[in-house]
Amino acid sequence: MKIEEFKTLLELKLPGIAFKQVRDSLLVENPSDLPKVAFFLKNSDLEIDYLSSVTGSDYLDYLESVYHLYSTTKKTGLITLRVRVKRDAPNVPSLVPIYRSAEFQEREAYDMYGIIYEGHPDLRRLFMWEGFEGFPMRKDYIQEDSEWLEPEDLEWLEKHQVPVTEEMKERAKTPRIIKKDAGE
Amino acid sequence: MEKTFAVKNLSLVDNQTLEINIGPQHPSTHGVFRMNVVLDGETIVSLKPVMGYLHRNHEQIAENMSYTSSMPYTDRLDYFNSMSNNFGYALTVEKLANIDVPEKAEYIRVIMAELTRLVNHVAVIGFLLNDLGAFFTPVLYAFREREKILDIFEDISGARMMCNYFRFGGVKRDLPAGVLDTIKDVVKKFPSFLEEFEALLTKNEILCMRCQNVGVLKPELAISAGITGPMLRASGVNYDIRKIDNYSIYKRFDFKIPLGQKGDVFDRYYVRILEMRESLKILEQALKDFPTSGDIISKKMTPYLKNFRNFKPPVGEAYARVECPKGELGFYVVSDGTPQPWRYHVRAPSLINLTILEDLCIGHKVADAIIILGSVDIVLGEVDH
């Protein structure tokens, strides 16, 4: 099914929910409508029963949660849904009650992008450890020690004919800043 | 009188549970995977998978480098089937940038993908038997066969496991002389190995007793939980991406999709054996029709081979998937027109197949949890990204 046809079908069946076409996908304008859309897709005769992938992405102005769906009974797909949320209030309703496969993937998206999936039974970090601060896949995330140089590093650089500036030497002299929660 | 006695006795028993960690340094968790298990006696009451010990933020690494440079990193996702990972990533970028693949390259790709399937399935069956307690004899038989195929990979790509062989629009280099004969030889001899393997295992009483009716996965739950690959098909759901998406040239080959009936550990084991036979069928057909001449990489991509930072796919996004031996391996790539992807995401089958691990294990003994995990077939490089 083409995306335009699919959009008109959804608008007909689900009045009151605003959709917008973004490339080959449908943007659900209001994130709180997402469970309704997913429930309709799964239980209508479209039989979109398989949520293949859930992921977040960061577009600086907003965060996005992207869903890729297929049907295993009708062998159709791919249908892509997306919702956009503000960076400072990234709340998206969870799809775990409808599609179990979202369980780990929503945890992963929360871990990496900080998107809060409301209604998820167990929303914890998946890969990073407990107490880790920040969301490493966001575009504004700064790695803790990316600027840090050791005296050995300078030796190595000089040995390999890389120009070492005064500023780099200064940096190597200053002790490493230890974050509050690291170690002690 | 008897009744009250029984109730009295029960009230004396303090229903204590015991919480233990299996892993991350446990040989039967297939790597640095941890299962946080709550036990009542020896029966599992709850099981929480804990992962991330091998996390290196694969997605971030890929977003910080050019499209071609992350090809070798996809090898390290599931280090048992690097060729399949390459295949998935190449397909996605080809979809994104609209690149055609020449005929000969398609044949090479299919042959590599199916050889990888053989490698993975023999190894996973060997390890499953390891978990069952048949220590190292089956796995060494399996590895003997795997080694023959890895030798072919070494001849073709220069590396046994980290092949890095696929390129957008084709493959890295042409097949060296004589390799086709080696592949034909391996394909010819493989069925006799499978028969030998099966004669030792399939009707073995201990294997049947331990595997049948253990870890039964219902088809409805399997679909809802996004389970893919041999695990889904063992539950009786006919869903194989090679047939459905018809990606590459799989349409040309005649092969069947083996399905299980119950969805227990035994079905998962046997579906893999049958899948290997089907893979051999595909290999035979592909080797028969293999084109003798032709390009191995699309003309559109040849200018970028030397300076791949010049390769900038148009603004857009693509999601493509392949039937990797463990399930559906999907890649989601968003391009903003620069040489680096804006967003790169891997839908890792090993990770998502673990979603239902708790449901499968509850009510079984600890020893059964080990073989259920073995039958799920995980590789921690892929689980932990």
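Describing the packing of aromatic side chains
Residues and elements named next belong to chain B.
In step 1: Applying the stated criterion across every chain, the model contains 30 aromatic pairs over all chains.
In step 2: Measuring from centroid to centroid gives 6.2 Å for Tyr-165 and Phe-166, while their planes differ by 75 degrees, and the two rings are edge-to-face. In this pair, the class of Tyr-165 matches that of Phe-166, namely buried.
In step 3: An aromatic cluster of at least three residues, connected via ring pairs, comprises Tyr-67, Tyr-89, Phe-168, Tyr-304, Phe-311, Phe-331 and Tyr-344.
In step 4: One cation-aromatic arrangement involves Arg-144 over Tyr-141; the distance from NZ or CZ to the ring centre is 5.2 Å.
In step 5: Lying over the aromatic face of Phe-143, Arg-146 brings its terminal NZ or CZ to 4.6 Å of the ring centre.

A few points about a nonpolar patch on the surface
In step 1: Residues Phe135(B), Phe136(B) and Leu140(B) make up a contiguous nonpolar surface patch of roughly 340 Å² in combined accessible area.
In step 2: Relative to the helices and strands, Leu140(B) is located in helix α6 (residues 137-157).

What about the side chain of Glu114(B)?
In step 1: By the secondary structure assignment, Glu114(B) is in helix α5 (residues 103-132).
In step 2: Taking the relative accessible area as the measure of exposure, Glu114(B) reaches 0% and is therefore buried.

Some details on unusual backbone geometry
Residue and element names in this part refer to chain A.
In step 1: For Glu-47, which is not glycine, the phi dihedral falls at a positive 50 degrees.
In step 2: Mapped onto the elements, Glu-47 comes out in the loop between α2 (34-43) and β3 (50-58).
In step 3: Using a relative accessible area of 31% as the deciding quantity, one classes Glu-47 as partly exposed.

Description of α5(B)
Residues and elements named next belong to chain B.
In step 1: If you check α5, its first and last C-alpha atoms are 44 Å apart, about what 30 residues at 1.5 Å a residue would give, namely 44 Å.
In step 2: Buried residues dominate α5, accounting for 28 of its 30 residues.
In step 3: Backbone geometry just after α5 places Gly-133 at a positive phi near 110 degrees.

Remarks on the packing of helix α4 (residues 151-159) of chain A against helix α5 (residues 166-173) of chain A
Residues and elements named next belong to chain A.
In step 1: Where α4 contacts α5, the two axes come as close as 8 Å, and the packing angle between them is 150 degrees. In terms of axis orientation, α4 runs roughly antiparallel to α5. Touching Pro-151, Leu-154, Leu-157 and Glu-158 of α4 are Met-168, Lys-169 and Ala-172, all from α5.
In step 2: Across the contact of α4 with α5, the residue classes tally to 5 nonpolar, no polar and 2 charged.

Quick notes on the domain arrangement of chain A
In step 1: Under the domain assignment, chain A is made up of domain 1 (3-118) and domain 2 (145-176).
In step 2: Here domain 1 of chain A and domain 2 of chain A have C-alpha centroids that lie 47 Å from each other.

Calculation notes
Residues numbered from 1 in each chain as written. Chains lettered and ligands numbered in written order. Predicted model: local features only at pLDDT ≥ 70, side-chain atom pairs only at ≥ 80, totals over all residues. Heavy atoms only, no water. Phe/Tyr/Trp six-rings, centres within 6.5 Å; stacked < 30°, edge-to-face > 60°. Buried < 20%, exposed > 50% of the residue type's maximum accessible area, 1.4 Å probe, protein only. Lys NZ or Arg CZ within 6 Å of the ring centre and 35° of its normal. Patch = residues over 30% accessible without salt bridge, like charges linked within 9 Å, V, L, I, M, F, W, Y side chains within 5 Å. Areas by Shrake-Rupley, 256 points an atom, 1.4 Å probe, with all protein chains shown as cover. Salt bridge = Lys/Arg side-chain N within 4 Å of Asp/Glu carboxyl O. Helix = DSSP H or I, 4+ residues; strand = E, 2+ residues; numbered from the N terminus. Expected span 1.5 Å × (residues − 1). Axes fitted to C-alpha atoms, helices over the stretch in contact; angles between N-to-C directions. Parallel < 35°, antiparallel > 145°, perpendicular 65-115°, else oblique. Contact = heavy atoms within 4.5 Å. Nonpolar A, V, L, I, M, F, W, Y, C, P; charged D, E, K, R; others polar. Domains from an automatic or database assignment.

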